[in-house]
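Each chain is listed here by its residues.
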Amino acid sequence: MLEVREVSKSFGGLKAVDRASLDVACGEIVGLIGPNGAGKTTLFATIAGFHRPDAGTVSFEGKPVTGLAPHRICAAGMVRTFQITQPFAGISVRENIMVGAYLHTADRRLAAREAEAVAALVGMKDQLDQRGADLTVAGRKRLELARALATGPRLLLLDEVMAGLNPTEIVEIVGVIRNIREAGVTILLIEHVMQAVTSLAERVYVLNQGRMIAEGTPASIADDEQVIEAYLGHGAAKVLRA
Ligand SMILES: Nc1ncnc2c1ncn2[C@@H]1O[C@H](COP(=O)(O)OP(=O)(O)OP(=O)(O)O)[C@@H](O)[C@H]1O
């Protein structure tokens, strides 16, 4: 479904992403992990059209999308969420979600119906009339998911939806992500909460200093020497296994 090949992106002299490749098949939940500053968000932004890559290609469902504008990639069926959520504060949750639906329909009633369906999927049915400004952090995260889902994606790129949530809220959002997949949406997610990655993802990619250093099941990744050292420093794997 998604093929990323040898993508690079620099900011001035800093190579944020360095010849990174990854694949996502239809129906999968795939994790993208790596230490702070590894280049995960930059790679996401490049896949979703927010940055133009310096090199490499991105194709979605067999068609090249490299360098297309975000709204065109979104209309093609791939959408990302943002780590820092910014709901429209003065309008309701329903209207916030409708903004996503307007990408593919100008019909207000249809957009409202879709907003309600999406709200049910992310567990916000009872908050439809609440103002964006009045949501808790967990509410804002769900709204971010809902707005993205309302655009009608087949592939959803989630950027740290669990950051800032407490353990109970994390368990709830893991359930929501499972429901989204059950509803037919494929998912690629950046996440620091390892328990969530382990319980959700069938496969995990690990990025470190812009480079993809490992790919595999969550169990094989947790045991990978390069991955352990990327997180804990050179020599850590030996110490841990001694
Ligand atoms: N717009 C930008 N201009 C300049 N440097 C940037 C820009 N965006 C990211 N960077 C730098 O690129 C590197 C990768 O950043 P990025 O945010 O992609 O990492 P990340 O893996 O998502 O980190 P985190 O887990 O902390 O969110 C960092 O050194 C960051 O400071």
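Residues numbered from 1 in each chain as written. Predicted model: local features only at pLDDT ≥ 70, side-chain atom pairs only at ≥ 80, totals over all residues.

Please clarify how the overall build of the protein chain should be interpreted in this entry.
When helices and strands are counted, the protein chain shows ten helices and ten strands. For 242 residues, the compact-globule formula gives about 18 Å, and the C-alpha radius of gyration of the protein chain, at 18 Å, lands near that figure. Across its three principal directions, the C-alpha atoms of the protein chain cover 60 × 40 × 30 Å. The buried share of the protein chain, taken over its 242 residues, is 41%. The long-range fraction of contacts in the protein chain, counting pairs at least 24 apart against all pairs at least 6 apart in sequence, stands at 65%. (Helix = DSSP H or I, 4+ residues; strand = E, 2+ residues; numbered from the N terminus. Rg over C-alpha atoms; globule rule 2.2 N^0.38 Å. Buried ≥ 20, exposed ≤ 12 C-beta atoms within 10 Å, placed from the backbone. Contact = placed C-beta atoms within 7 Å.)

Help me understand the site of the ligand in this model?
Surveying the vicinity of the ligand reveals the residues Phe11, Leu14, Ala16, Gly34, Asn36, Gly37, Ala38, Gly39, Lys40, Thr41 and Thr42. For the shell around the ligand, the elements supplying multiple residues, two or more each, are β2 (14-24) and α1 (40-47). Class assignment of the residues belonging to the shell around the ligand gives a composition of four nonpolar, six polar and one charged. (Near = placed C-beta within 6 Å. Nonpolar A, V, L, I, M, F, W, Y, C, P; charged D, E, K, R; others polar.)

What exactly am I supposed to notice about the sheet that holds strand β5 (residues 63-64) here?
Within the open sheet, the four strands sit side by side as β2-β1-β4-β5. Their pairing is antiparallel. Edge positions in the sheet fall to β2 and β5, since each of these pairs with one other strand and no more. Sheet topology note: the strand β1 (residues 2-11)/β2 ladder contains seven bridges and is antiparallel. Each bridged residue has a counterpart across the sheet, and for lysine 9 the counterpart in β2 is valine 17. (Pairing = 2+ DSSP bridges.)

I tried to follow the packing of helix α5 (residues 137-149) against helix α6 (residues 167-182) on my own but got confused; where do I start?
In a packed pair of helices, the relevant descriptors are the angle between the two axes and the axis-to-axis distance. α6 packs onto α5 with a crossing angle of 10° between their chain directions and a minimal axis gap of 11 Å. As the angle between them shows, α5 and α6 are arranged roughly parallel. The segment α5 lies against α6, with Ala138, Lys141, Arg142, Leu145 and Leu149 engaging Glu169, Ile173, Val176 and Ile180. Looking at the contact of α5 with α6, its residues break down into six nonpolar, no polar and three charged. (Axes fitted to C-alpha atoms, helices over the stretch in contact; angles between N-to-C directions. Parallel < 35°, antiparallel > 145°, perpendicular 65-115°, else oblique.)

For this particular structure, what's the right way to read the confidence of the model for the protein chain?
Regions with low pLDDT carry predicted coordinates that are not meant to be interpreted in detail. Looking at the protein chain, pLDDT values average 91 and 97% of them are 70 or higher. Complex prediction metrics read pTM 0.90 and ipTM 0.95. (pLDDT = per-residue confidence, 0-100.)

When you look at the sheet that holds strand β8 (residues 186-190) in this model, what are you seeing that I'm missing?
Across a sheet, strands are paired by hydrogen bonds formed along the backbone, either parallel or antiparallel in direction. The six strands lie next to each other as β6-β7-β8-β3-β9-β10, forming an open sheet whose pairing is mixed. Strand pairing shows two members of the sheet lacking a second neighbour, β6 (78-80) and β10 (211-216), which therefore form its edges. Geometrically, the sheet is characterised by an average inter-axis angle of 15° between neighbouring strands, direction not taken into account. Relative to β8, strand β7 (residues 155-159) is paired through five bridges, and the arrangement is parallel. Looking across to β8, one finds that leucine 157 is bridged to leucine 188.

Just to check I follow, could you spell out the nonpolar core for this structure?
In globular proteins that are soluble, nonpolar side chains generally tend to be buried together. Membership of the largest hydrophobic core comes to 67 residues, with the highest contact counts inside it found for Ile97, Ala146, Leu156, Leu157, Ile187 and Leu188. When near neighbours in sequence (up to four residues on either side) are disregarded, isoleucine 97 contacts Ala115, Val118, Ala119, Ala146, Arg147 and Ala150. (Core = buried A, V, L, I, M, F, W, Y, C linked by C-beta atoms within 7 Å.)

I tried to follow the UniProt feature "domain: ABC transporter" (unreviewed entry) in the protein chain on my own but got confused; where do I start?
Under the UniProt annotation, "domain: ABC transporter" (unreviewed entry) lies at residues 2-234. End C-alpha atoms of residues 2-234 are separated by 33 Å, and the span's content is 37% helix alongside 25% strand. (UniProt positions renumbered as here; feature names shortened; annotations may be inferred.)

It is not clear to me how the pairing of strand β3 (residues 29-33) should be interpreted in this structure. Could you clarify?
Side-chain direction in a regular strand flips from residue to residue, so the side chains alternate between the two faces of the sheet. Burial analysis of β3 places five of its five residues in the buried class, which makes it a mostly covered element. Going residue by residue along β3, you find Ile29, Gly31 and Ile33 tucked away on one face and Val30 and Leu32 tucked away on the opposite face as well. Sheet topology places β3 next to β8; four bridges connect them, and they run parallel. When the bridges of β8 are listed, leucine 32 appears paired with isoleucine 190.

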